Structures are given as structure tokens and as C-alpha cells.
Amino acid sequence: MRSCAARFMRKGILMRDGVVLEMRGIYKSFPGVKALRNVDFTLREGEIHALMGENGAGKSTLIKVLTGVYSKDDGEIFLRGVDGAAVIRSPQEAQNLGIATVYQEITLCPNLSVAENIYIGRGSGSLRNWKKMGADADKILQSLDIPARASQQLGTCSLAVQQMVAIARAIDMDCKVLILDEPTSSLDEQEVEKLFRLMRDLRSRGVGIIFVTHFLDQVYEVCDRITVLRDGQLVGEYEIGSLPRLQLVSKMLGKDLDDLSDIKGDREGSTEEGAEPVYEVQGLQSNAGISPFDFHIRKGEVNGFTGLLGSGRSECVRAIFGADRVLSGSVKVNGKKVKITKPLDAMKQGIAYLPEDRKADGIVGDLSVRENIILAQQVLKGFFHPFSKAETAKIAKEYIDLLDIKTASAETPIRALSGGNQQKVILARWLLMHPEYLILDEPTRGIDVGTKVDIQKLVLKLADEGKSVTFISSETEEMLRTCSRLIVMRDRKVVGELTGDDLTQNKIMSTIAGGEENNA
Ligand code: ADP
Ligand code: MG
């Protein structure tokens, strides 16, 4: 160990004692996206290191660079026991260097035995004898306290055990770096505990573990240090004890706690407390993995879901609209019980939804601006009763003018428009339905400031006209300006609701952070 470190020193490369992995100055771009910019990452031996950041921060990209799935554009990777910068051009090379990865989706073979799964596909050359393989596997399982037998078919084990077998496989390959990318998403509490026990055990054997999770509680339960990424850049590396949850959230969001405490919208509480809810649900749950939640919105109200990216905001509104498969929940629209299990049901109730991922859910690139505007209305009317071209041309022109959509003509394919203008087209599509209740998921993301303000104004105008709007935005300032009630999400659960004087940046962050440190 020491001699190894000394060797690096001689070469002028500093690899500190007790460090197994050092990534320095990593750059990686995709067309149009700088996914990693000058990122450093250090992993010590015998530690559990959380890699944190909102969705899109660059966590997976960093891991894929490390495991040879992506080639880096620049930067160096140093590994204990490897002379000079390590060359990692493929997952196989990463594995040979002792870097093991366990992905969220289990990539083992359910039809094979546990033992076969531990040993399958080893490029070790020497063929193993089956009997010995079983005995060896049992030894490993025992030593790691994994409740499975070598001869058992993997598919008959619980998901948690399957994940542990994946880890056992990694360990037996003598890994020094173990990467767990969101391994706990589909595990129940007990299974998570078992997994944590195994992780702690490995830590005590000197393995360096990189743990990617979006569950804050888990980070504080099991990790030693945290590296935070934001927008492809390193925010910092922290000892767990020196970074209270609230500060972690603030670093992930990139908001300074104190600077933002007094950003408060100028719109007074416009929720008509007495007004009947236009939409109301109890125990709503979809197949997208969010905890069941209650929700309502009144006439003329603008409310919003807030929380870190990935906290379940979009999943909530998708459940409301029936865009994901609804599993339970009793819905009332204007006080009457209704069933909303698919978008068409919601549309018929006067609910409209502008999805977050307009590329995937919203625009039909090859259709013209006019056709894209008319689409939802046509769906409602049924395709056997098409609008005349003259009718649609008139409607399209009206909305192009109203929203100031910059397009050569109504017949231009929508894909030729800028992102902001595409967004306006989709917005026009839903406004045209004159919805009673409009759901806007990130309507202003990636669009210019002018259009942003236009959309915010439009939201408030709709509310003044008695429509209801649920608004989601990653920019909390924007939500504070438009919403009179915020529903706060953490780890796919609704954890709070803020109104009145509580509508502040600080309060949002402390609610997201949870725990005991609301005043930190
Ligand atoms: P995280 O894992 O933190 O959620 P990612 O590393 O997956 O973030 O993504 C970082 C950024 O790089 C995002 O903007 C994402 O859209 C982009 N990105 C990731 N992989 C690719 C890819 N294969 N092609 C294009 N863009 C990508
Ligand atoms: Mg990721």
C-alpha cells in the first residue's frame, strides 16, 4: 500500500494513503450537453461514499466514465495498485481492474442457480468444477450472511437477495471499488436494512463503496462522506457529520439559504378558501412508485408540487391526469365522484396536462404547428369527426397570435421551432380546450426569460378568470411567484404543505430536507 503510494509520488502523481480511486478533471459532453465539467472524485478504502445531485446532475455519467461505458473527453483516473493513469475502455476492463457495478435493474439470470450467477461469464480461463463451485458459493454466501443457498434458483429469491447475490459476485471478483447505482429503489425497509448490513460488512473489509441514491434518509444512515454534483460540476466533498441535511439540499439545488429567505411573491393568497374543490382525490396511487397521496385544488387556485428533481412531483400530476396507470384513489370533480384512469377520462372532465418531457409526451415533430395545436381537441371529438382545414387554420392563427408563437407559418413542422416556441404550441393545444383545471409540468424549462414571464402571467390570468392551475417548476422562485399553496415532496412521498407566510425558499428547503434540523 504505502510503497504503492510512494511510487505514485515518485512519478509526481499524488495518490494519498488510504485512497483507492481518484478521478481528476473529468470532462464528458454529449451533443448539446456538457454532462461533466472538470469533476474530481475521491474514494477512500473502507468507506461508503454517497454521490448526490438532482436528476441530470451527472452522477450516472461519472459512473459510466469510471466503468468504461463512456469514454471521457478529458481527465484522469487513478486506481490503487495501477501504475499511472488507469486505462478503462470497456466494462470488462473496469471489472478486471477491480471496479464492480451493481445496477438498479438486476442483470443476473433468474433461471440459473445462485452459484452459477456468482461465477458465470468469468473470463478466468480455468473451467470450474461444478461441485467445487457450489461449495465455494456457499462459503461466500455464508461469509456475507446472505440468506440463500448456492443451488437455489436465483429467480426464487427475493429482490433484495438477488441484489446481494450480485454484490457477492462483485466481491468474489475481488473488487476494491463497488458501485451501487440506486440499489434500494425497489426494496422494502427490511430488505434495505439487510443490504446496509452487507454494505457495512464490506466497508469493514476495506472495499470502497460508491452509493447513488435519492433517499436522503439512507445517505445519513449508512454513508461516511458525500460528493455533490450539480449541472455537471463538482459542488463539493463533505464528511457526513459536517453537512446537515438542509445544507445538502441547498447544495444540490444550488440555492444559498440566507440570500433567498425573503423572495416572496407579490400575489396575495388568492385561494378562495370557501370555494368548492374543482378536483379532489384521496389515496391516489399510480404504478410509478409514489406513495398514495391526498390532493385537492379549488376554483381560481394556483398550487404546485415542489421537491428535488426525481422526488415524485411529475408522477403525482401524471397520476392526477391518468397518464400513468392509476392503482387506487377516489376522485371527485366538482364534488361528483368520477373515474380517471386514462388521459381521455381526465380531458372529458375538463382537465388538461402539459407534460414535462415535451419531446416524448407532447410534440409530434412531423406534424405542423396547426396540427399540433388541434391535436387534443381532435382526440376529444374523435378522429371520425375531423375538423375542416379552414376551421383549424382559423384556430391555429388565433393561438399563434395570442401566445406570440414565432413560426414561419402555421404549416411549418413543429420540429423546426425553437424549444420555447414548441412549448407555446403545446400550451395552445391545451388552452384551446378551455380547461377548468390545467396542469403544467415544467412549462418554462429551457425557454427564454421573456417567454417564461409570459407563461407565468398567463397562469395568473387564468386563475383570475376562475380556472385552476397546478404548476411544477424546478425554479422555486417561479413557484413562489405563482402558487398560493405548495405541496412538498421527498423520496416519492408528500411530506408537507406550505401556505401564507410559510411560502419561502427557506421553508421549502427545510421541508424537503426533513429530519430534526429545520433550523440549521
Ligand atoms: P444523473 O445520473 O445525475 O441523473 P446523468 O449523468 O444521467 O445525470 O445526466 C447528465 C446529463 O447528461 C443530463 O443532461 C443528461 O440528459 C445528459 N446525458 C446523459 N447520458 C446521455 C447520453 N447518452 N446522450 C445524451 N445526453 C446524455
Ligand atoms: Mg442517474
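Residues numbered from 1 in each chain as written. Chains lettered and ligands numbered in written order. Predicted model: local features only at pLDDT ≥ 70, side-chain atom pairs only at ≥ 80, totals over all residues. Heavy atoms only, no water.

Chemist: Can you help me understand the pattern of salt bridges in this one?
Modeler: Side chains that differ in sign of charge can pair as their charged atoms come close. For the coordinates displayed, the defined rule picks out 22 salt bridges. Between Arg 44 and Glu 239 there is a salt bridge, with its nearest N and O atoms 3.5 Å apart. Of this pair, Arg 44 sits in strand E2 (residues 33–44) while Glu 239 sits in strand E9 (residues 233–239), and the two are 195 residues apart along the sequence. When the shortest N-O distance is used, the salt bridge between Arg 485 and Glu 301 registers 2.8 Å. A residue pair is termed long-range when its members are at least 10 positions apart, and Arg 485 in strand E18 (residues 485–490) and Glu 301 in the loop between strand E11 (293–298) and strand E12 (302–306) qualify at 184 residues. (Salt bridge = Lys/Arg side-chain N within 4 Å of Asp/Glu carboxyl O. Helix = DSSP H or I, 4+ residues; strand = E, 2+ residues; numbered from the N terminus.)

Chemist: In this structure, what is going on with the packing of helix H13 (residues 369–381) against helix H14 (residues 389–402)? I would like to understand it.
Modeler: Helix-helix packing: each pair is described by the crossing angle between the helix axes and the interaxial distance. Taken N-terminus to C-terminus, the directions of H13 and H14 make an angle of 95 degrees; their axes are 9 Å apart at the nearest point. Here H13 is positioned roughly perpendicular relative to H14, judged by the angle of their axes. Contacts from Val 369, Arg 370, Ile 373 and Ile 374 of H13 reach H14 at Lys 389, Thr 392, Ala 393, Ile 395, Ala 396, Tyr 399 and Ile 400. Across the contact of H13 with H14, the residue classes break down as 8 nonpolar, 1 polar and 2 charged. (Axes fitted to C-alpha atoms, helices over the stretch in contact; angles between N-to-C directions. Parallel < 35°, antiparallel > 145°, perpendicular 65-115°, else oblique. Contact = heavy atoms within 4.5 Å. Nonpolar A, V, L, I, M, F, W, Y, C, P; charged D, E, K, R; others polar.)

Chemist: Please explain the sheet that holds strand E17 (residues 468–472) as it appears in this structure.
Modeler: Across a sheet, strands are paired by hydrogen bonds formed along the backbone, either parallel or antiparallel in direction. Pairing is mixed in the open sheet, where 6 strands are placed in the order E15-E16-E17-E12-E18-E19. One side of each edge strand has no neighbouring strand; the edge strands of this open sheet are strand E15 (351–354) and strand E19 (493–499). Neighbour to neighbour, the strand axes of the sheet diverge by 15 degrees on average, direction disregarded. In the sheet, strand E16 (residues 437–441) pairs with E17 via 5 bridges, with the strands oriented parallel. Opposite Leu 438, over in E17, you have Val 469 as the bridge partner. On the sheet, helix H15 (residues 419–431) packs against E15 and E16 and is oriented at approximately 175 degrees with respect to E15. (Pairing = 2+ DSSP bridges.)

Chemist: What is the right way to read the environment of Thr 511 from this model?
Modeler: Following the sequence through the fold, Thr 511 ends up in helix H18 (residues 505–513). Given a relative accessible area of 15%, Thr 511 falls into the buried group. Taking the C-alpha atoms as reference points, Thr 511 and Leu 498, 13 residues apart in sequence, are found 9.0 Å from one another. If we skip the residues at most four places from it in the chain, Thr 511 touches Val 488, Arg 490, Val 495, Gly 496 and Leu 498. A polar side-chain atom of Thr 511 sits 2.7 Å from the main-chain carbonyl oxygen of Lys 507. (Buried < 20%, exposed > 50% of the residue type's maximum accessible area, 1.4 Å probe, protein only. Polar contact = N/O pair within 3.5 Å; in protein donor to acceptor, adjacent residues only side chain to side chain.)

Chemist: Quick question: what am I supposed to make of the packing of aromatic side chains here?
Modeler: Here the distance between the centres and the angle between the planes together describe a pair of aromatic rings. Under the counting rule described, the total for this entry stands at 8 aromatic pairs. Summarising the aromatic geometry, the rings of Phe 196 and Phe 211 are spaced 6.1 Å apart at their centres and angled 90 degrees between planes, so their arrangement reads as edge-to-face. Here Phe 211 lies in strand E7 (residues 208–212) and Phe 196 lies in helix H7 (residues 189–204), a separation of 15 residues in the sequence. Like Phe 211, Phe 196 is buried. Judged by centre distance (6.1 Å) and plane angle (85 degrees), the ring pair of Phe 321 and Trp 430 falls under edge-to-face. Here Phe 321, found in helix H10 (residues 313–321), pairs with Trp 430, found in helix H15; they are 109 residues apart in sequence, far enough to count as distant. Joined through ring pairs, the aromatic side chains of Tyr 279, Phe 293, Phe 295, Phe 305 and Tyr 437 make up one cluster. (Phe/Tyr/Trp six-rings, centres within 6.5 Å; stacked < 30°, edge-to-face > 60°.)

Distances and angles like these do not, on their own, reveal function.
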